[in-house]
Amino acid sequence: MSVERRPQVVVRPAEPADLTRCAEIFLSGRLQAKPDDEAGIFRLDDFADEVADQDLWVAVADGRVVGLVSADIPAGLIRNVFVDPAWQKRGVGYRLLSHVCARLRPPIRLICAARNHAARAFYEHVGWREVTPGVVRDGHVLYQHMSAAACDELERPPAA
Ligand SMILES: CC(C)(COP(=O)(O)OP(=O)(O)OC[C@H]1O[C@@H](n2cnc3c(N)ncnc32)[C@H](O)[C@@H]1OP(=O)(O)O)[C@@H](O)C(=O)NCCC(=O)NCCS
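Residues numbered from 1 in each chain as written. Predicted model: local features only at pLDDT ≥ 70, side-chain atom pairs only at ≥ 80, totals over all residues.

A. Quick peek at the nonpolar core. In terms of nonpolar packing, the biggest core is built from 32 residues, with Cys22, Leu68, Val69, Leu96 and Val100 touching the most fellow members. Contributions of two or more residues to this core are made by α1 (19–33), α3 (46–51), β2 (55–61), β3 (64–72), β4 (77–83), α4 (92–101), β5 (108–113) and β7 (140–145). (Core = buried A, V, L, I, M, F, W, Y, C linked by C-beta atoms within 7 Å. Buried ≥ 20, exposed ≤ 12 C-beta atoms within 10 Å, placed from the backbone. Helix = DSSP H or I, 4+ residues; strand = E, 2+ residues; numbered from the N terminus.)

Below is the structure:
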């Protein structure tokens, strides 16, 4: 990826004022990822239910929230990575994953809808592998990052 395509991105914990924008990004990502026959069932207020009891971070570029990641920290499980379609393929998704990986204890896992082939290709491109290849549970596949060291060490908080 060329340097000029990488925007300046800051990842920080989400604040209440971010939630409407996060819901918009979540909805547009779901519409992008799902087949037409499911698109009509998604609503803007699904986001609050989706991230209830999860930690949520946002990526900010040009003063605007352009992506989000949510995780269940005790379970070591990343649940959602969504980037504004206008900001995709510019390193934001990778940056969000790196940020949250650095805050989870290995083994770090994530779930992805089995039919979301684009997202699965993204995860596999950036080093994630299916825990049990070919196994789909409740329409989802489970991925694991084998090495926490593969996450960006610069993101790792200093040892206590
Ligand atoms: C999947 C998603 C989060 C990726 O975010 P992104 O910001 O576009 O990804 P990045 O720009 O950080 O990509 C990092 C690398 O993965 C590659 N990549 C991105 N999308 C890819 C895809 N669909 N297939 C293969 N590789 C992909 C990039 O080219 C880049 O590679 P490089 O570093 O070798 O140049 C984003 O496309 C998205 O929000 N999709 C809709 C919502 C969704 O499906 N989320 C997942 C739900 S589990």
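B. Geometry of the sheet that holds β5. An order of β1-β2-β3-β4-β5-β7-β6 is seen for the 7 strands of this open sheet, with the pairing classed as mixed. Each edge of the open sheet is held by one strand with a lone partner, namely β1 (10–13) and β6 (129–130). Bridging between β3 and β4 involves 6 bridges; their strand directions are antiparallel. Opposite Gly67, over in β4, you have Val83 as the bridge partner. In the packing of α1 onto the sheet, contacts are made with β2, β3 and β4, and the angle to β3 comes to roughly 80°. Lying over the sheet, α4 contacts β1, β2, β3, β4, β5 and β7, oriented at roughly 40° with respect to β3. (Pairing = 2+ DSSP bridges. Contact = placed C-beta atoms within 7 Å. Axes fitted to C-alpha atoms, helices over the stretch in contact; angles between N-to-C directions.)

C. Region of interest: unusual backbone geometry. Omega for the peptide link from Pro106 to Pro107 comes to 0°, which places this bond in the cis form. Tracing the backbone through its elements, the reader meets Pro107 in the loop between α4 and β5. We note that Asp53 has phi near 70°; this positive angle belongs to a residue other than glycine. Summarising the element assignment, Asp53 is placed in the loop between α3 and β2. The backbone of Asp62 sits at a positive phi, close to 50°, despite the residue not being glycine. Tracing the chain through its elements places Asp62 in the loop between β2 and β3. Judged by the 9 C-beta atoms lying within 10 Å of it, Asp62 falls in the exposed class.

That is the geometry; function is a separate question.
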